[in-house]
Amino acid sequence: MVITKIMPLENGKVQLFFDSAEPLQFYWSELSGFAVKEQMEIDCAFYEKLYYEILGKRVTKRAMHLLEKTDRTEEQLRRKLREGAYPEELIEKAVAYVKSYHYVDDERYARAYVRLNQDRKSSGRMRRDLLSRGVKEEVIALALEEENETEPEILIRRLLEKRHYDPAEASLEEMQRNYRFLAGRGFRAEDIMHVLKKKDG
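What counts, and where the lines are drawn
Starting afresh in each chain, residues are numbered from 1 along the sequence in its written order. Owing to the predicted nature of the model, reporting of local features is limited to residues with pLDDT of at least 70; listing and counting of side-chain atom pairs is limited to 80 or more, with chain, interface and lining totals taken over all residues. To obtain the side-chain values, all non-hydrogen atoms of the structure were used and water was disregarded. Paired strands are those between which DSSP finds at least two bridges. Only DSSP runs of H or I reaching four residues or more are called helices, and only runs of E reaching two or more are called strands; each is numbered from the N terminus. Among the buried residues, those of types Ala, Val, Leu, Ile, Met, Phe, Trp, Tyr and Cys that are joined through side-chain atoms within 4.5 Å form a nonpolar core. A 1.4 Å probe rolled over the protein chains alone gives each residue an accessible area, and that area as a share of the maximum for its type sets the label: buried under 20%, exposed over 50%, partly exposed in between. Note on definitions: a residue-residue contact is assigned when non-hydrogen atoms from the two residues lie within 4.5 Å. Patch members must show over 30% relative accessible area and no salt bridge, and they are joined within 9 Å when carrying like charges or within 5 Å when they are nonpolar side chains of Val, Leu, Ile, Met, Phe, Trp or Tyr. Surface accessibility follows the Shrake-Rupley procedure with a 1.4 Å probe radius. Residue values consider only the protein chains on display as shielding. For this document, the term salt bridge refers to a Lys or Arg side-chain nitrogen within 4 Å of an Asp or Glu carboxyl oxygen. Lines fitted to C-alpha atoms define the axes here, with helix axes fitted over just the stretch in contact, and angles between the N-to-C directions of these axes take values from 0 to 180 degrees. Angle categories are assigned with fixed cut-offs, so that under 35 degrees is roughly parallel, over 145 is roughly antiparallel, 65 to 115 is roughly perpendicular, and the rest are oblique. By definition, any crossing whose near helix is turned counterclockwise from its far helix by less than a right angle is left-handed, and any crossing with a clockwise turn is right-handed. Residues are grouped as follows: Ala, Val, Leu, Ile, Met, Phe, Trp, Tyr, Cys and Pro are nonpolar; Asp, Glu, Lys and Arg are charged; every other residue, Gly included, is polar. What the arc describes is the spread of directions from the helix axis to the C-beta atoms.

Note that strand 2 (residues 13–18) and strand 3 (residues 24–27) share 4 bridges and pair antiparallel. If you follow Lys13 over to strand 3, its bridge partner there is Tyr27. Hairpin connection between strand 2 and strand 3: a loop of 5 residues separates the two successive antiparallel strands.

Structure representation (structure tokens):
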């Protein structure tokens, strides 16, 4: 295997190109002890040292650092790691590592999300939000079933109270405006209309 090109990047990084393997990005400091140069021939053991020991360890540390700052789903973590141009194989290894220690846990994330948002978002909206974060449907369904304690109509009524909506006094235009507001938050039409038209508040 030959290092065909060494391309300097920003932030102290460099990209190595090989004749028979994917390009890899390193910090110059990580390569200081290897005296790499263009057209240098390397063996598989040297490549694997660069790939697994240097880059592999860095992507795992990066994953742990990202999770220290904020809780994320597996897919959110993958997306963030891809921004660092890490090889997909190493990203998956890093995700598997942090997952084995429950540093990343989609079920925990989904349950916490439902508990924190059930007073201001519908089940449908929370489901869509979690799906967009890469959480599996069965995990979302379980979290909604076991953690969501707010009935849709109760939540709709709370939201309308904050908007000073009075069914007894509301005009058709006001009703339509609030319908669009609630529909945009994932509530079902029948639940919305039942509260919008209810005259006893």
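If you look at the biggest cluster of nonpolar residues, it comprises 30 residues, and the most contacted ones within it are Leu16, Phe26, Leu77 and Leu81. Considering every element that reaches this core, the biggest residue donor is helix 1 (residues 44–69), with 10 residues. Those residues in contact with Leu77, other than ones at most four positions away along the chain, are Ala63, Leu66, Leu67, Arg72, Val95 and Val98.

Our next topic: a nonpolar patch on the surface. On the surface, a nonpolar cluster with roughly 320 Å² of combined accessible area is contributed by Tyr97, Tyr101 and Tyr103. Mapped onto the elements, Tyr97 comes out in helix 3 (residues 88–100).

Our next topic: the packing of helix 7 (residues 152–162) against helix 8 (residues 172–183). In the contact formed by helix 7 and helix 8, the axes pass within 11 Å of each other and the chain directions differ by 125 degrees. One element, helix 7, and the other, helix 8, form an angle in the oblique class. Along this stretch, helix 7 crosses helix 8, giving a crossing that reads as right-handed. Of the residues in helix 8, those in contact with Ile156, Leu159 and Leu160 of helix 7 are Asn178, Phe181 and Leu182. Considered class by class, the residues forming the contact of helix 7 with helix 8 number 5 nonpolar, 1 polar and no charged.

It is worth spelling out the sheet that holds strand 2 at this point. Taken together, the 4 strands give an open sheet; going across it, the order is 3-2-1-4, and neighbouring strands pair in antiparallel fashion. Both outer strands of the open sheet, strand 3 and strand 4 (40–41), are each paired with one neighbouring strand and no more. The strands that helix 1 touches are strand 2 and strand 3; relative to strand 3, the one it contacts most, it runs at about 65 degrees.

The set of residues buried in helix 2 (residues 74–82) consists of Glu74, Leu77, Arg78 and Leu81. With its buried residues spanning 100 degrees around the axis, helix 2 presents them on a single face. Residues of helix 2 that are buried make contact with helix 1, helix 3 and helix 4 (106–117).

The phi torsion at Ala85 lies on the positive side, around 60 degrees, for a residue other than glycine. If you trace the backbone, Ala85 turns up in the loop between helix 2 and helix 3. Here His164, not a glycine, exhibits a phi torsion of approximately 60 degrees, which is positive. Summarising the element assignment, His164 is placed in the loop between helix 7 and helix 8.

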